[in-house]
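# Summary of the model geometry
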Amino acid sequence: MTDADIAKYNAAQAALEYVKDGMVVGLGTGSTAAHFVRLLGERVRQGLRVKGVPTSEATRNLAEQVGVPLVDISQINAIDIDVDGADEIDAAFRLIKGGGGALLREKIVAAASARMIVIADESKWVETLGAFPLPIEVTRFGFALTRERVRSALRQTGCAGDEVNLRVSGKANEPVITDGGNYILDAHAGRIPDAEALDAALKQVAGVVEHGLFIGLAHVVVLGKAKGAEVRSR
Ligand code: A5P
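The structure displayed is predicted, hence computed values, not measured ones.

Here the focus is the overall build of the protein chain. Helices and strands together make up the secondary structure of the protein chain, namely six helices and 15 strands. Computed over C-alpha atoms, the radius of gyration of the protein chain comes to 17 Å, within 12% of the 17 Å expected from 2.2 N^0.38 for 234 residues, which places it in the range of a compact globule. Along the three orthogonal principal directions, the C-alpha set of the protein chain runs to about 50 × 35 × 35 Å. Considering the protein chain as a whole, with its 234 residues, one finds that 50% of them fall into the buried category. Surface accessibility of the protein chain: about 10,700 Å² in total, with carbon and sulfur atoms responsible for 49%.

We now examine empty space enclosed by the protein. Considering all chains together, one arrives at one cavity of 30 Å³ or more under this definition. Volume-wise, the largest cavity comes out at about 50 Å³. Gly101, Ala102, Leu104, Arg105, Glu137, Thr178, Asp179 and Gly180 are the residues that line the largest cavity. Each of domain 1 (3–126 + 216–227) and domain 2 (134–206) contributes no fewer than three residues to the lining of the largest cavity.

Around the ligand there are 17 residues in total, and Ser31, Thr32, Asp87, Gly98 and Lys124 lie nearest to it. At 2.5 Å from an oxygen atom of the ligand is found a side-chain nitrogen or oxygen belonging to Ser31. Between an oxygen atom of the ligand and a main-chain N or O atom of Gly101, the distance comes to 3.3 Å. Bound to the protein, the ligand loses 92% of the 380 Å² it would expose on its own. Classifying every residue of the shell around the ligand by side-chain character gives two nonpolar, nine polar and six charged.

So, about the packing of helix α1 (residues 3–15) against helix α2 (residues 31–45). Interhelical geometry of α1 versus α2 gives an angle of 50 degrees and a closest axis separation of 8 Å. Taken together, the axis directions place α1 and α2 in an arrangement best described as oblique. Of the two possible hands of crossing, α1 and α2 adopt the one that is right-handed. Contact with α1, carried on its side by Asp5, Lys8, Tyr9, Ala12, Gln13 and Ala15, involves Ser31, Thr32, His35, Phe36 and Leu39 of α2 and no other residues of that element. Split by residue class, the contact of α1 with α2 holds five nonpolar, four polar and two charged.

Before going further, it helps to spend a moment on the sheet that holds strand β1 (residues 24–27). Taken together, six strands build an open sheet; the order of strands is β2-β1-β3-β6-β14-β15 and the sheet is mixed. Each having just a single partner strand, β2 (51–54) and β15 (229–233) make up the two edges of the open sheet. Averaged over neighbouring strand pairs, the angle between their axes works out to 20 degrees when direction is ignored. Sheet analysis places strand β3 (residues 79–84) next to strand β6 (residues 113–121), joined by five bridges and oriented parallel.

Quick look at the domain arrangement of the protein chain now. Partitioning the protein chain into domains gives domain 1 (3–126 + 216–227) and domain 2 (134–206). Computed over C-alpha atoms, the centres of domain 1 and domain 2 are 24 Å apart. The partner domain 2 presents eleven residues to the twelve residues of domain 1 that form the contact. Roughly 840 Å² is buried in total at the junction of domain 1 and domain 2, and carbon and sulfur atoms are behind 55% of that figure. For the domain 1 face of the interface with domain 2, the top three residues by lost area are Arg94, Ile96 and Leu103, together amounting to 43%. Here Asp179 makes a salt bridge to Arg105, at a shortest N to O gap of 4.0 Å. The interface formed by domain 1 and domain 2 contains five residue pairs in polar contact (both at pLDDT 80 or more). For the side of domain 1 that touches domain 2, the leading source of residues is helix α4 (residues 103–111), giving three residues. Partitioned by chemical class, the residues of the side of domain 1 that touches domain 2 number three nonpolar, five polar and four charged.

Rules and cut-offs
Residues numbered from 1 in each chain as written. Predicted model: local features only at pLDDT ≥ 70, side-chain atom pairs only at ≥ 80, totals over all residues. Heavy atoms only, no water. Helix = DSSP H or I, 4+ residues; strand = E, 2+ residues; numbered from the N terminus. Rg over C-alpha atoms; globule rule 2.2 N^0.38 Å. Buried < 20%, exposed > 50% of the residue type's maximum accessible area, 1.4 Å probe, protein only. Areas by Shrake-Rupley, 256 points an atom, 1.4 Å probe, with all protein chains shown as cover. 1 Å grid on protein atoms, 1.4 Å probe; cavity = no way out; pocket = protein on both sides within 12 Å on 5 of 7 lines; lining within 4 Å. Points joined across faces, edges and corners; volume = space filled by probe spheres on them. Domains from an automatic or database assignment. Near = heavy atom within 4 Å. Polar contact = N/O pair within 3.5 Å; in protein donor to acceptor, adjacent residues only side chain to side chain. Nonpolar A, V, L, I, M, F, W, Y, C, P; charged D, E, K, R; others polar. Axes fitted to C-alpha atoms, helices over the stretch in contact; angles between N-to-C directions. Parallel < 35°, antiparallel > 145°, perpendicular 65-115°, else oblique. Left-handed = near helix turned anticlockwise from the far one by under 90°. Contact = heavy atoms within 4.5 Å. Pairing = 2+ DSSP bridges. Buried area = accessible area lost by both parts, 1.4 Å probe. Salt bridge = Lys/Arg side-chain N within 4 Å of Asp/Glu carboxyl O.

Okay, here's the thing in structure tokens:
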């Protein structure tokens, strides 16, 4: 494992202590959350009873492989805790998420959870959000028009940059399609001086399905280090 991977693993392991018998647990997406899902699978084999709610098809597949029982989100009213990674975290526990393209389901699950535990290596802790491009899920229909309105929102809310790119992948540079069947725009804001204002502005843009700013959702941040992890609570 690389140093970053060891730190991610340590964060995931420390988060296990928040999981109690009988809980419904939101299962995040990304490399750090994948460590958590595997570790949770080990606990299940040792007798822990939980039901997982995956935030992506990738996480669903992993959870099934490692034996974490799942429950359909349409069958539940609430989630006890959600354990998920992040691309950036600031001192007010505001997050940028969606580097893995799963931000829509991640936000639905986080918002339905009594507590959100963020697990990350310590490099994700930042003074100001925005160096990591902000992922924005948009409808395929009219995405170029939506992109222009997103650029205006970045400028109006004082962001340092307004470059917005359609996320593509593979040799053919095909647009990435999310689990919800949409596109992802990556907004290179550089620096987001007012995350609440940008959140509000993006919500006004027709065609934006959801964006990767998570405000007021995280309760605990577990920052993994080379040895162990540091827990910060709001
Ligand atoms: C997935 O869409 C993201 O929100 C991830 O949680 C985020 O990108 C963190 O990923 P890593 O744990 O792989 O850094």
